Amino acid sequence: MSGGGTRDGSLEQLKREGRIVVVGASLAGLRAAETMRDKGFTGSLTMIGDEPHEPYDRPPLSKQVLLGNAAADHTALPRRRAIDADWRLGVPATGLDMAARRVRLGNGDEVEYDRLLIATGVRARPWPNPEEGELAGVFVLRTRDDGEGLQRALAARPRRVLVIGAGFTGSEIASACRERGLKVTVAERGSAPLVGALGAVIGEVAAEMHREHEVDLRTGVMVTALEGDPAGRVRAAHLSDGSTVEADVVVVSLGAQRNTEWLAGSGLGAGPRGIACDAGCRAFDVRGIVTDDIYVAGDVARSPHALFGYQFLSLEHWGNAVAQAETAAHNMLSESTDRRPHLWVPAFWSSQFGVNIKSVGVPPMGTEIIVTQGSLAERRFAAVYGYQGRVIAAVTFDNCRWLPFYEQQIEGTAPFPPPFTTVDRRPEGNKPVPADFPDPSVPTHGPTITLSGYSPADRKMTFTPGH
Amino acid sequence: MTQALLREIIDYANRANPYPLYEELRRTPVSHEGNGPYVVSTYHEIQSLLHDPRISSDSRNLKATGDDPLGQSADDEGTALPPSFLKLDPPDHDRLRRMTNRPFGPPHSPRRVHDMRGELHGLVDGLIDGIATSGDLDRVDLVDQFAYPFPVTVICRLLGVPHEDEPRFHVWAETLAASLDPDPDADPAQRGKGTMDARMELGMYLAGLIEERRKNPGDDMLSQLATADGPDGAMTTMEALSTSALLLIAGHETTVNLITNGMLTLLRHPDVLKRLREDPGLAIPIVEELLRYEPPVQLLPQRTTLCDIEVAGVAIPKGASLWLMLASGNRDPKRFENPDRFDPDRKDIQHLGLGSGIHSCFGAPLARQEAQLALSELARRLVNPRLLQDPPQYRQNAVLRGPRHLPIACDGVLPKAG
Ligand SMILES: Cc1cc2nc3c(=O)[nH]c(=O)nc-3n(C[C@H](O)[C@H](O)[C@H](O)COP(=O)(O)OP(=O)(O)OC[C@H]3O[C@@H](n4cnc5c(N)ncnc54)[C@H](O)[C@@H]3O)c2cc1C
């Protein structure tokens, strides 16, 4: 059958008896599958996931699970409806034949599709030295198994935990450790926690939160080596400032890598920065031509956003995975004129040291910041990021009920600095200051938003026009 | 024309069914005339204003125009007590609400409301038993015999206010609730005085209780408000007074309407009543749909602009009075399909019935639990209930709208469960 969804009835046929394959059986994959069934897709649906578990939720892993308030195996995602799928769990997809419309699996099977959705997400960036990374007591945190292992290690009351990297996940881990009364050191290459995601002004607030909760926060340093004992357990870490931290649990929290290697050589526009797609979630091939039958959603996708200068955004945001999956599913089963763009305004939340942090828009695009409500000192505020005279993002600490307003300001390309008075405007919020993001060519881990298609660190590019 | 429409909405003659008037009102999402308030009647506009930091709930920001045609006084709280957090902006609002929340809800008291379930059940059982033994099932007033005493008893227990004092504070509460009502015919001076006296007396009454709790604290909320000393420090006596006055009044002037409007709606939709009888779990979506369809708080008449803003193409100047017509927004066809249909199976039900934003109903978890329990038990135990008067007689209040009496008859009362 034809995958091209034209008005000759093939779309109807696709919906009735087509074959849809979803690679990546997690948040985006599941929500897409549910949406397809909701839209009346009655054909065959195959869900391929390399993890052995049914789809589960990740945000609780660094919060409730680490606190011991929820078991890691109790984070299964609630099902919106039955999806009647052929589940291939515990088997990775290892290759894609675009011409033959086939996905190759790790066990040698091949699955044919009329439409393919790729939602393979990202994985934790491992410790760069594999031998050190293998030491017992060294963890990353991305999967349910990671969460379970780390929670068990914390429950055994280690004498000290070292968290490498103070992005959102690292900070949440540190917060959970303190809440459990564990000693914790955080080592961060940047000048403050969260600085890559929210800039140094807010990073300073985050740093105070760490210190106030008696986290041993070391900024401007890198961990250069992990040291094990003769039994192969980690016992210490060496820092670039010459100091040593003794710790029996080390959590490597250095951001994520996109799961795209399995697509190497397939001809799809997939690489270390994700899979490029158009605003309708259709993947590009390596020639920059949009495909008709391959769609992308979730953490692995990079798509252009009209509100942000058509930058290709990669978002490691829960809400993005859901919204993009729904759009992809809709578009997979629609005539071209009925397709919808994925124009979700980026939004993220985190919870650490008892503070509820939320952001909308793209903070790292901001060059200036102004506190429009509350106060940084009280850690209860709303702050707005400005970019070329307009509002580009906002962040709230314990003040999230105002966020929908700032989202509207972003959508309405409102002027920056905001000219109006607000309730709870303090004197400190009377003028903008530099938002102070680190130089983008110095890689910071886990900004959770990647701004453009190529890495600013990739200074050397070769362009080879084909035939 | 708008003003005429507003008058009609406030006019008691239209209390039983203001919805056609709201429909007319929605033709102009923001309407305004003369010195009257800017009336916002459409869902999306109301929703965004509830999250708009340029909108204040503090009436001291209202530009006193003096000749408000609807006789709203700029500060109806008088000077007897400072404004409660309902009428304050951040940061004061946030601090007081936070402190009040400590003994009431998560994260510090996550189980308070939940743990009241058994007690609430006992009260509901007792009141329905009372209906059974009253002897006259041909004429039961659901308000006097059930929907009023239930939430009053609950809020008294929660706060630690002696239930015997109900007749005393009932009068003050009624007066204060009435002060919310923009009654065009009342003499503002007269009313202002009555309101002030009621606040004063209620304040003095509560001051006595708080004084006592400071010496002899119990585990009720009054004791906790009086003695709390968390990260935000302690409440001043005046703050504790206005907060407890707010809880006492809001705790029983709204739930009574939710329950009564609920029973009235169910009796008008016997199919839904039957489903609820068979499946008490349906009470959850029913109460949500009720909060959309017949919200106990119909409008919020106390907001004002901190600067010039624009809403739906209308420029609203700084210091203007805003009325947010929640009940109208809840029936906005641009937001809800078939908005005039009562449909507990509705999936998409983000209603405005409990407000939204920082002032969203503080007591919501309790109100929901009370209404769910009340409606499911009434549905289960009353045999063949029917309305004796439709529409029933309504209370005067256009803001806190609900029947004054709800006469029903039934063929019997089933025994309580267990
Ligand atoms: C600890 C933690 C805390 C978080 N907290 C927050 C938060 O507070 N707020 C927020 O907005 N977001 C948070 N996130 C991010 C959020 O969880 C992600 O955005 C979301 O999970 C993305 O969903 P996804 O389906 O795109 O990708 P994933 O959830 O990563 O799923 C991809 C799946 O594909 C599988 N896969 C990969 N390669 C293959 C292959 N070749 N074949 C088959 N299967 C494959 C993966 O194993 C994985 O199961 C958090 C993430 C983590 C890890």
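See above for the structure.
About the cut-offs
For every chain, the first residue of the written sequence is number 1, and numbering continues from 1 onward in sequence order. Written order decides the labels, with chains lettered from A and ligands numbered from 1. For a predicted model such as this one, the threshold for reporting local features is a pLDDT of at least 70, and the threshold for listing and counting side-chain atom pairs is 80 or more; totals across whole chains, interfaces and linings nevertheless cover every residue. With hydrogens and water stripped out, all remaining heavy atoms of the structure feed into the side-chain values. Numbering of helices and strands runs from the N terminus; a helix is a DSSP stretch of H or I covering at least four residues, while a strand is a stretch of E covering at least two. For a compact globule the rule gives 2.2 Å times the number of residues to the power 0.38, and the radius of gyration it is set against comes from C-alpha atoms. Three exposure classes are used, based on accessible area relative to the maximum for each residue type with a 1.4 Å probe and protein chains only: buried under 20%, partly exposed in between, and exposed over 50%. Two residues form a contact once any of their heavy atoms are found within 4.5 Å. Areas reported as accessible are Shrake-Rupley estimates using a 1.4 Å probe. Residue values count occlusion only from the protein chains shown. Here, strands pair whenever DSSP counts at least two bridges between them. Axis definition: a line fit to C-alpha positions, over the contact stretch in the case of helices; interaxial angles, taken between N-to-C directions, run 0 to 180 degrees. The criterion for a residue being near a molecule or strand is simple. One of its heavy atoms has to lie within 4 Å of it. In protein, a polar contact means a hydrogen-donor-capable atom and an acceptor-capable atom, both N or O and within 3.5 Å, with residues adjacent in sequence counting only if both atoms are side-chain atoms; elsewhere, any N or O pair within 3.5 Å suffices. Under the grouping applied here, Gly and all other residues not named as nonpolar or charged are polar, the nonpolar ones being Ala, Val, Leu, Ile, Met, Phe, Trp, Tyr, Cys and Pro and the charged ones Asp, Glu, Lys and Arg. For the purposes of this section, nonpolar cores are sets of buried Ala, Val, Leu, Ile, Met, Phe, Trp, Tyr and Cys residues that join through side-chain atoms within 4.5 Å. As used here, the arc is the angular range of directions from the helix axis to the C-beta atoms. We call Phe, Tyr and Trp rings a pair once their centres come within 6.5 Å, taking the six-membered ring for Trp, and we label the pair stacked below 30 degrees between planes, edge-to-face above 60, and tilted otherwise. Charge-over-ring contacts are defined here by two conditions on Lys NZ or Arg CZ: a distance within 6 Å of the ring centre and an angle within 35 degrees of the ring normal. Throughout, buried area stands for the accessible area (probe radius 1.4 Å) lost by two parts on being put together, summed over both. By definition here, a salt bridge exists when the distance from a side-chain nitrogen of Lys or Arg to a carboxyl oxygen of Asp or Glu is within 4 Å.

Peer 1: Just checking my understanding: could you explain the overall build of chain B for this structure?
Peer 2: Scanning chain B for helices and strands turns up 17 helices and twelve strands. Taken against the 2.2 N^0.38 rule, which gives 22 Å for 418 residues, the C-alpha radius of gyration of chain B at 21 Å falls within 12% of a compact globule. Judged by the C-alpha coordinates and their principal axes, chain B covers about 60 × 55 × 40 Å. Within chain B, the fraction of its 418 residues that count as buried is 57%. Pairs at least 24 apart in sequence give 74% of the contacts found in chain B among residues at least 6 apart. Accessible surface for chain B amounts to roughly 16800 Å². Of this, 52% is attributable to carbon and sulfur atoms.

Peer 1: So what exactly am I meant to see when it comes to the sheet that holds strand S21 (residues 290–296) of chain A here?
Peer 2: Whether parallel or antiparallel, the strands of a sheet pair through hydrogen bonds between backbone atoms. All names here are of chain A. Taken together, the six strands give an open sheet; going across it, the order is S3-S2-S1-S7-S21-S20, and neighbouring strands pair in mixed fashion. The sheet is open, and its two edges are formed by strand S3 (86–89) and strand S20 (282–284), each paired on a single side. Sheet twist, expressed as the average angle between the axes of neighbouring strands with direction ignored, equals 30 degrees. Bridging between strand S1 (residues 19–23) and strand S2 (residues 44–49) involves five bridges; their strand directions are parallel. Residue pairing across strands places Ile 20 opposite Leu 45, the latter belonging to S2. In the packing of helix H8 (residues 318–332) onto the sheet, contacts are made with S1, strand S7 (115–118) and S21, and the angle to S21 comes to roughly 140 degrees.

Peer 1: Quick question: what am I supposed to make of the site of the ligand here?
Peer 2: Residues and elements named next belong to chain A. Lining the immediate environment of the ligand, one finds 31 residues, of which Ser 26, Asp 50, Glu 51, Arg 58 and Lys 63 sit closest. Backbone polar atom of Ala 28 to an oxygen atom of the ligand: 2.8 Å apart, as the coordinates give it. Note that an oxygen atom of the ligand is positioned 2.7 Å from one of the side-chain N or O atoms of Lys 63. Protein burial of the ligand: of its 1000 Å² of free accessible surface, 95% is covered by the chains. Contributions of two or more residues to the shell around the ligand are made by helix H2 (27–38), S2, H8 and strand S24 (347–352). Across the shell around the ligand, the residue classes break down as 15 nonpolar, nine polar and seven charged.

Peer 1: Would you mind showing me how to read the nonpolar core here?
Peer 2: In globular proteins that are soluble, nonpolar side chains generally tend to be buried together. Ile 202 and Tyr 385 of chain A are the most contacted members of the largest nonpolar core, which totals 110 residues. Of all hydrophobic cores here, the second largest spans 83 residues; its members include Leu 81, Phe 146, Leu 206 and Leu 373 of chain B.

Peer 1: Would you mind going over helix H2 (residues 19–26) of chain B with me for this structure?
Peer 2: Every α-helix carries 3.6 residues per turn, so stepping three or four residues along brings you back to the same face. Along H2 of chain B, the residues classified as buried are Tyr 19, Leu 21, Tyr 22, Leu 25 and Arg 26 of chain B. Angularly, the buried residues of H2 of chain B cover 150 degrees about the axis, an arc narrow enough to put them on a single face.

Peer 1: Just to check I follow, could you spell out the packing of aromatic side chains for this structure?
Peer 2: How two aromatic rings sit relative to each other is set out by the distance from centre to centre and by the angle between their planes. A full pass over the atoms with the stated rule returns 15 aromatic pairs over all chains. Taking 6.1 Å as the distance between ring centres and 75 degrees as the angle between the ring planes, the aromatic pair formed by Trp 318 of chain A and Trp 349 of chain A counts as edge-to-face. Highlighted residues: Trp 318 of chain A in helix H8 and Trp 349 of chain A in strand S24, separated in sequence by 31 residues. Assessed through its relative accessible area of 32%, Trp 318 of chain A is described here as partly exposed. Within the aromatic cluster, the residues linked to one another by ring pairs are Phe 405, Tyr 406 and Phe 420 of chain A. The ring of Phe 420 of chain A has Arg 54 of chain B sitting right over it, with the charged end atom 5.0 Å from the ring centre. In this structure, Arg 331 of chain B is placed above the aromatic ring of Tyr 19 of chain B, and the distance from its NZ or CZ to the ring centre is 3.5 Å.

Peer 1: Quick question: what am I supposed to make of the interface of chain A and chain B here?
Peer 2: Accessible area lost upon the coming together of the parts serves often as the stated size of an interface. Listed by partner, the interface residues are 15 residues for chain A and 18 residues for chain B. Of the roughly 1400 Å² buried at the junction of chain A and chain B (both faces included), carbon and sulfur atoms supply 62%. Counting every contact that joins chain A to chain B gives zero salt bridges. Taken together, the links from chain A to chain B amount to five residue pairs in polar contact (both at pLDDT 80 or more). It is helix H9 (residues 403–411) of chain A that provides the largest number of residues to the side of chain A that touches chain B, a total of four residues. Residues belonging to the side of chain A that touches chain B are distributed by class as follows: six nonpolar, five polar and four charged.

Peer 1: Which parts of the structure should I look at to understand the side chain of Asp 52 of chain B?
Peer 2: Structurally, the position occupied by Asp 52 of chain B is in the loop between helix H3 (43–50) and strand S3 (55–56). Exposure remark for Asp 52 of chain B: the relative accessible area of 5% places this residue in the buried category. Of note is the side chain of Asp 52 of chain B, whose polar atom sits 2.8 Å from the side chain of Arg 54 of chain B. Here Asp 52 of chain B is in contact with Trp 402 and Phe 405 of chain A, once residues within four sequence places are set aside.

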